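Spelled out from the first residue to the last, the chains are:
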Amino acid sequence: MELGLVGLGKMGGNMRERIRRAGHTVIGYDRNPDLADVHSLEELVAELKGPRVVWVMVPAGAATQSTIDELADLLSPGDVVVDGGNSRWTDDEKHAEELAAKGIGFVDCGVSGGVWGLENGYALMYGGDAENVAKVQPIFDALKPEGDFGSVHAGKVGAGHFAKMVHNGIEYAMMQAYAEGWELLEKVDSVTDVREVFRSWQEGTVIRSWLLDLAVNALDEDEHLKGLRGYAQDSGEGRWTVEAAIDNAVPLPAITASLFARFASRQDDSPQMKMIAALRNQFGGHAVEKNK
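For clarity, every value in this text was computed on a predicted model and none was experimentally measured.

S.K.: Any details on unusual backbone geometry? Residues and values, ideally.
M.R.: Put simply, glycine 50 and proline 51 share a cis peptide bond, and its omega is -10 degrees. With respect to the element layout, proline 51 can be found in the loop between α2 (41-47) and β3 (53-56). Look at alanine 249: it is not a glycine, yet its phi comes out positive at around 55 degrees. Relative to the helices and strands, alanine 249 is located in the loop between α10 (236-247) and α11 (253-264).

S.K.: Describe the packing of helix α1 (residues 10-21) against helix α6 (residues 130-143), listing the residues and the values that go with them.
M.R.: At their nearest, the axes of α1 and α6 sit 9 Å apart, and the two run at 100 degrees to each other. In terms of axis orientation, α1 runs roughly perpendicular to α6. Residues Met15, Arg18 and Ile19 of α1 pack against Ile139, Ala142 and Leu143 of α6. Its residues assigned to classes, the contact of α1 with α6 comprises 5 nonpolar, no polar and 1 charged.

S.K.: Run through helix α7 (residues 159-187), naming residues and quoting values.
M.R.: The terminal C-alpha atoms of α7 lie 42 Å apart, and with 29 residues this matches the ideal 42 Å at 1.5 Å per residue to within 8%. Of the residues making up α7, those classed as buried are Ala159, Gly160, His161, Lys164, Met165, Asn168, Gly169, Tyr172, Ala173, Tyr178, Trp182 and Leu185.

S.K.: If you had to explain the sheet that holds strand β6 (residues 123-127) to someone new, which residues and values would you point to?
M.R.: Through backbone hydrogen bonds, the strands of a sheet pair up, either in parallel or in antiparallel fashion. With respect to topology, 7 strands assemble into an open sheet ordered β2-β1-β3-β4-β5-β6-β7, the strand pairing being mixed. Edge positions in the open sheet fall to β2 (25-29) and β7 (151-155), since each of these has one partner strand only. Taken over all neighbouring pairs, the strand axes of this sheet differ in orientation by 25 degrees on average, direction set aside. Bridge count between strand β4 (residues 80-83) and strand β5 (residues 105-112): 4 bridges; the pairing is parallel. Bridged to valine 82 within β5 is valine 107. Packed on one face of the sheet, helix α4 (residues 89-100) meets β4 and β5 and runs near 150 degrees to β5.

S.K.: Lay out the environment of phenylalanine 260 with the relevant residues and their values.
M.R.: Mapped onto the elements of the fold, phenylalanine 260 is located in helix α11. For phenylalanine 260 and glycine 238, which are 22 residues apart along the polypeptide, the C-alpha to C-alpha distance reads 10.0 Å.

S.K.: Mind laying out the pattern of salt bridges, listing which residues take part and the relevant values?
M.R.: Evaluated as defined, the whole model comprises 18 salt bridges. In this structure, the salt-bridge partner of aspartate 37 is arginine 20, at a minimum N-O distance of 2.9 Å. Taken together, the positions of aspartate 37 in the loop between β2 and α2 and arginine 20 in helix α1 put the pair 17 residues apart, joining distant regions of the chain. Classification of aspartate 37 as partly exposed rests on a relative accessible area of 34%. Taking the shortest distance from any N to any O, the salt bridge between aspartate 268 and arginine 229 comes out at 3.9 Å. Of this pair, aspartate 268 sits in the loop between α11 and α12 (271-284) while arginine 229 sits in the loop between α9 (210-221) and α10, and the two are 39 residues apart along the sequence. As far as the burial class goes, aspartate 268 and arginine 229 line up, both exposed.

S.K.: Would you mind going over the nonpolar core in detail, with residue names and values included?
M.R.: Of all hydrophobic cores here, the largest spans 22 residues; its most connected members are Trp55, Val136 and Phe140. Secondary-structure elements contributing two or more residues to this core are β1 (2-6), α1, β3, β4, β5, β6 and α6. The element that contributes the greatest number of residues to this core is α6, accounting for 5 residues. The next biggest cluster of nonpolar side chains, apart from the first, holds 21 residues, and it includes Val6, Val45, Ala72 and Ile104.

S.K.: Describe the pairing of β7, with residues and values.
M.R.: Taken together, the 4 bridges between β6 and β7 define a ladder with parallel strand orientation. Directly across from tyrosine 126, in β7, lies its bridge partner histidine 153.

S.K.: I'd like a rundown of the packing of aromatic side chains, residues and numbers included.
M.R.: This structure, assessed with the given rule, holds 6 aromatic pairs. Look at phenylalanine 198 and tryptophan 201: their rings are 4.9 Å apart centre to centre, the planes differ by 35 degrees, and that puts the pair in the tilted class. Site record: aromatic cluster; members linked through ring pairs are Trp55, Tyr126 and Phe140. Across the ring face of tyrosine 172, the terminal group of arginine 262 is positioned such that the distance to the ring centre comes to 3.6 Å.

S.K.: Could you give an account of a nonpolar patch on the surface, with specific residues and numbers?
M.R.: A surface patch of nonpolar side chains, amounting to about 350 Å² of accessible area, comprises Val115, Trp116 and Trp210. Counting through the fold element by element, tryptophan 116 comes out in the loop between β5 and α5 (117-120). For tryptophan 116, a relative accessible area of 41% gives the class partly exposed.

Conventions adopted
Residues numbered from 1 in each chain as written. Predicted model: local features only at pLDDT ≥ 70, side-chain atom pairs only at ≥ 80, totals over all residues. Heavy atoms only, no water. Helix = DSSP H or I, 4+ residues; strand = E, 2+ residues; numbered from the N terminus. Axes fitted to C-alpha atoms, helices over the stretch in contact; angles between N-to-C directions. Parallel < 35°, antiparallel > 145°, perpendicular 65-115°, else oblique. Contact = heavy atoms within 4.5 Å. Nonpolar A, V, L, I, M, F, W, Y, C, P; charged D, E, K, R; others polar. Expected span 1.5 Å × (residues − 1). Buried < 20%, exposed > 50% of the residue type's maximum accessible area, 1.4 Å probe, protein only. Pairing = 2+ DSSP bridges. Salt bridge = Lys/Arg side-chain N within 4 Å of Asp/Glu carboxyl O. Core = buried A, V, L, I, M, F, W, Y, C linked by side-chain atoms within 4.5 Å. Phe/Tyr/Trp six-rings, centres within 6.5 Å; stacked < 30°, edge-to-face > 60°. Lys NZ or Arg CZ within 6 Å of the ring centre and 35° of its normal. Patch = residues over 30% accessible without salt bridge, like charges linked within 9 Å, V, L, I, M, F, W, Y side chains within 5 Å. Areas by Shrake-Rupley, 256 points an atom, 1.4 Å probe, with all protein chains shown as cover.

Here it is as structure tokens:
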């Protein structure tokens, strides 16, 4: 089948290649002309035969909104737009309504796989009407990993991005647990080879995972991670997961703590710890460290 793909960065570019390897035709557009097959959305739509499927892989928010607005004016009834970026699920509902007013279908798709997706496949979580999903199904089949799993029609519009959001929240908590365990192992004198302890967990333990494999890869590259700064960014999805938990009165203590830990990583001199130190000094006479 034919697919229009908008956004050919690290994810989009590899997705284009994987879909082509499966025998499908992909016409890609990107603002960087060195990456693009065509030089405008108008040209992309004109190259595709109807009913068209256009997959959008651009940053969430304004970039996605402007792309969908432009496609709404270019596409025809019966065509389908897929948002495969990291949009918030509430935006999906809005986009679906806007496109439906012109007879254009909409499918949201959470995509996981990162830089490994080209060879290993991408885990896909998508939402939308069955009729629209069916029009995209050959592309989902091309992108997913080999085997019976790795792809799911999660529900109605918004379900795909909501599922991916929760996936990322779980990812935050898992990474935080590995990080805390690693720091504790590094701290004690009795453990002399932390990297090999992590490596030993890769077989036969209940905490073995792909994230653990990646942690071992990182330690092989830099055994004590001395080349890295202790700073971690957070994606919008981590915050949205916590917000959704509040809205639905669902307790997420581990995921919430892992998000806040990332905030703490950005403080070279924690204002909160200044107050903690001051209070300990006030009530217990504990020593404080002064700025030089």
